[in-house]
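Fold and contact review
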Amino acid sequence: MSHLKFYTAGESHGQALIGILEGMPANVDISVDAINHELHRRQQGYGRGGRMRIEKDQANILSGMRFGKTLGGPISLMIENRDWKNWKTKMAIEGSPNNANPVHVARPGHVDLAGAIKYKQDDIRNLLERASARETTTRVALGAIAKQFLAHLGVGIASHVLQMVDARARQSLIDYGKPEWHIELDRLNEIADKSPVRCLDPDAESAMISLIDQAKKERDTVGGIFEVVAYNLPIGLGSHVHWDRKLDARIAGAMMSIQAIKGVEIGDGIGGACRFGSQVHDEIYYDAGKSAYYRKQNNAGGLEAGITNGMPLVVRAAMKPISTLMRPLDSVDIHSKKATPAHRERSDVCAVPAASIVGEAMLALVLADAFLEKFGGDSYEEIAERIANWRQHEMQ
Ligand code: EPS
């Protein structure tokens, strides 16, 4: 990201999580309650583990805001890890690792083996603490600031869970505008948030819940696919001219950076590769009454050649099942090199609903960056005026 930058810091069982967001213009109205609402949404979902009963994630803004508005400087925030009080000895900043119960057996699928070799660590905890998806708490808090900025500019972001194992919702966001899609995008989160698995299809929802119950009973884990949409975007964010300016590439990278994500698609993605061009591309029409181009379908997912085309931007991400299994897989002790069942510790059976909230946050951060790249501006007023002018131009 070139115009909006962010950092996160913190270990899963350390004292706190820290985030810094740099590049947000001045005078953007930001509600801390709205940030905390997003943090609450990330903590939900059927299949979450015991940790979410301990935490009540709240953002404590430390800088960059005054009287509810951004100042244009770095915004920093802190989120307390309530569980830290139970980990003070094991996660001490100083002292010796006596009584720290080191982890020596790598979990297949987690950072454990590759990280221990790369960073020359004897105790796998030195890797897993930072690799944990607990870090996504900070992304959601910073993303909630980006999301509010976008909302002031008229852009909405929402998500839902499409699939877990073989349970798949009938509706995909690429069907938006077709007869099979019945939900207005500005009501999508309201509806999805009422479902324990954030699924819009009641039959698929029951099947997903059964799969999570089955996995829990069998001491297994469940992954899945979620979709995120951004709507009311202007035409022209991103660019075709160079690989690192293509917005689809930037979004794919951001989504892939979320813990446990193994696949990303824009629009119908891989599905389009399995059909002929005549069935895939979204034909172009012009509505003279509205002075606007339109399409009857959105297989491109709102992006053509790395540029937004005015259709809803739809991105899908595939999350692998969580790699901490209570019925451990085969592994090896990194000290003795003997075959040993993989390390077990408290974890989630399924975190796909939570990951969809993280997906919203990452999309918000990338899109806020793309807005600042195209429209610039040091204050909210400046950028809002430029965007209003641009939206007039779009109509010509
Ligand atoms: C998470 C916190 C973690 C896990 C999960 C996500 O808490 P703990 O490790 O104390 O149970 O529930 O982390 C992982 C799935 C992982 O692989 O590390 C959170 O806040 O989202």
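One can find the structure itself at the top, above this paragraph.
Residues numbered from 1 in each chain as written. Predicted model: local features only at pLDDT ≥ 70, side-chain atom pairs only at ≥ 80, totals over all residues. Heavy atoms only, no water.

For the rest of this paragraph, the subject is the overall build of the chain. A count of helical and extended segments in the chain gives 12 helices and 18 strands. Taken over C-alpha atoms, the radius of gyration comes to 22 Å for the chain, in line with the 21 Å a tight globule of 396 residues would show. With respect to the principal axes defined by its C-alpha atoms, the chain has extents near 75 × 50 × 40 Å. Within the span of the chain, comprising 396 residues, buried residues form 50% of the whole. Long-range pairs, those at least 24 residues apart, make up 72% of the contacts in the chain between residues at least 6 apart in sequence. As displayed, the chain has an accessible area near 19,000 Å², and 53% of this comes from carbon and sulfur atoms. Each charge class in the chain was averaged separately, 48 positive and 49 negative side chains, and the resulting centres sit 4 Å apart. (Helix = DSSP H or I, 4+ residues; strand = E, 2+ residues; numbered from the N terminus. Rg over C-alpha atoms; globule rule 2.2 N^0.38 Å. Buried < 20%, exposed > 50% of the residue type's maximum accessible area, 1.4 Å probe, protein only. Contact = heavy atoms within 4.5 Å. Areas by Shrake-Rupley, 256 points an atom, 1.4 Å probe, with all protein chains shown as cover. Lys, Arg positive; Asp, Glu negative; His and termini not counted. Charge placed at Lys NZ, Arg CZ, Asp CG, Glu CD.)

Residues Ile 251, Leu 363 and Leu 367 are the most contacted members of the largest nonpolar core, which totals 78 residues. For this core, the element with the most residues is helix H11 (residues 352-375), which contributes 16 residues. Membership of the second largest hydrophobic core comes to 12 residues, among which are Ala 158, Ile 183, Val 229 and Tyr 231. (Core = buried A, V, L, I, M, F, W, Y, C linked by side-chain atoms within 4.5 Å.)

The four strands are arranged E1-E2-E7-E4 in an open sheet whose pairing can be described as antiparallel. A strand with exactly one partner marks an edge of an open sheet, and here the two such strands are strand E1 (5-9) and strand E4 (59-63). Ignoring strand direction, the axes of neighbouring strands in this sheet form an average angle of 20 degrees. With five bridges joining them, E1 and strand E2 (residues 16-22) adopt antiparallel strand pairing. From the neighbouring strand, Tyr 7 faces E2, where its bridge partner is Ile 20. (Pairing = 2+ DSSP bridges. Axes fitted to C-alpha atoms, helices over the stretch in contact; angles between N-to-C directions.)

In the structure shown here, the tally under the stated rule is 32 salt bridges. Asp 348 is paired through a salt bridge with Arg 48; the nearest N and O atoms lie 2.9 Å apart. You can see Asp 348 sitting in the loop between strand E18 (339-341) and H11 and its partner Arg 48 sitting in the loop between helix H1 (32-43) and helix H2 (51-54), a full 300 residues away along the chain. Across the salt bridge formed by Glu 227 and Arg 316, the nearest N and O atoms sit 2.7 Å from each other. Of this pair, Glu 227 sits in strand E10 (residues 224-231) while Arg 316 sits in strand E16 (residues 313-319), placing them 89 residues apart in sequence. (Salt bridge = Lys/Arg side-chain N within 4 Å of Asp/Glu carboxyl O.)

Turning our attention to the environment of Arg 275. The topology assignment puts Arg 275 in the loop between helix H9 (269-272) and helix H10 (277-280). Ignoring sequence-local partners within four residues, the contact set of Arg 275 consists of Asp 268, Val 280 and Asn 299.

In this section: the sheet that holds strand E8 (residues 156-164). The strand order across the open sheet formed by five strands is E9-E8-E10-E16-E11, and the pairing between neighbours is antiparallel. Looking at strand neighbours, the two that pair on one side only are strand E9 (167-168) and strand E11 (261-266), the edges of this open sheet. Across two bridges, E8 lies against E9 in antiparallel orientation. The residue of E9 that forms the bridge with Gln 163 is Arg 168. Most of the contacts of helix H8 (residues 247-256) go to E11, to which it runs at about 155 degrees, and overall it touches E11 and E16.

Next up on the list: unusual backbone geometry. Peptide bonds are mostly trans, and most non-glycine residues show a negative phi. Its identity is not glycine, yet Val 165 carries a phi of approximately 45 degrees, on the positive side. Here Val 165 shows up in the loop between E8 and E9. Located in the positive-phi region is Asn 232, a residue other than glycine, with phi close to 65 degrees. Mapped onto the elements of the fold, Asn 232 is located in the loop between E10 and H8.

Moving on, we get to H11. Working note: α-helix, 3.6 residues per turn, so residues spaced by three or four point in the same direction. The terminal C-alpha atoms of H11 lie 34 Å apart, and with 24 residues this matches the ideal 34 Å at 1.5 Å per residue to within 8%. Of all 24 residues in H11, 22 are buried, a share of seventy percent or more. Gly 376 occupies a position one or two residues after H11 and carries a positive phi of about 60 degrees. (Expected span 1.5 Å × (residues − 1).)

Take the state of the cysteines next. Summed over the entire model, instances satisfying the criterion amount to zero disulfides. For the unlinked cysteine Cys 350, the closest cysteine sulfur is that of Cys 199, found at 12 Å. Classification of Cys 350 as buried rests on a relative accessible area of 1%. (Disulfide = S-S within 2.5 Å.)

On to the site of the ligand. Around the ligand sit 13 residues, and of these His 13, Arg 42, Arg 51, His 110 and Arg 346 come closest. Contacts to the ligand include Arg 346, whose side-chain N or O atom sits 2.6 Å from an oxygen atom. Per-class residue counts for the shell around the ligand are three nonpolar, four polar and six charged. (Near = heavy atom within 4 Å. Polar contact = N/O pair within 3.5 Å; in protein donor to acceptor, adjacent residues only side chain to side chain. Nonpolar A, V, L, I, M, F, W, Y, C, P; charged D, E, K, R; others polar.)

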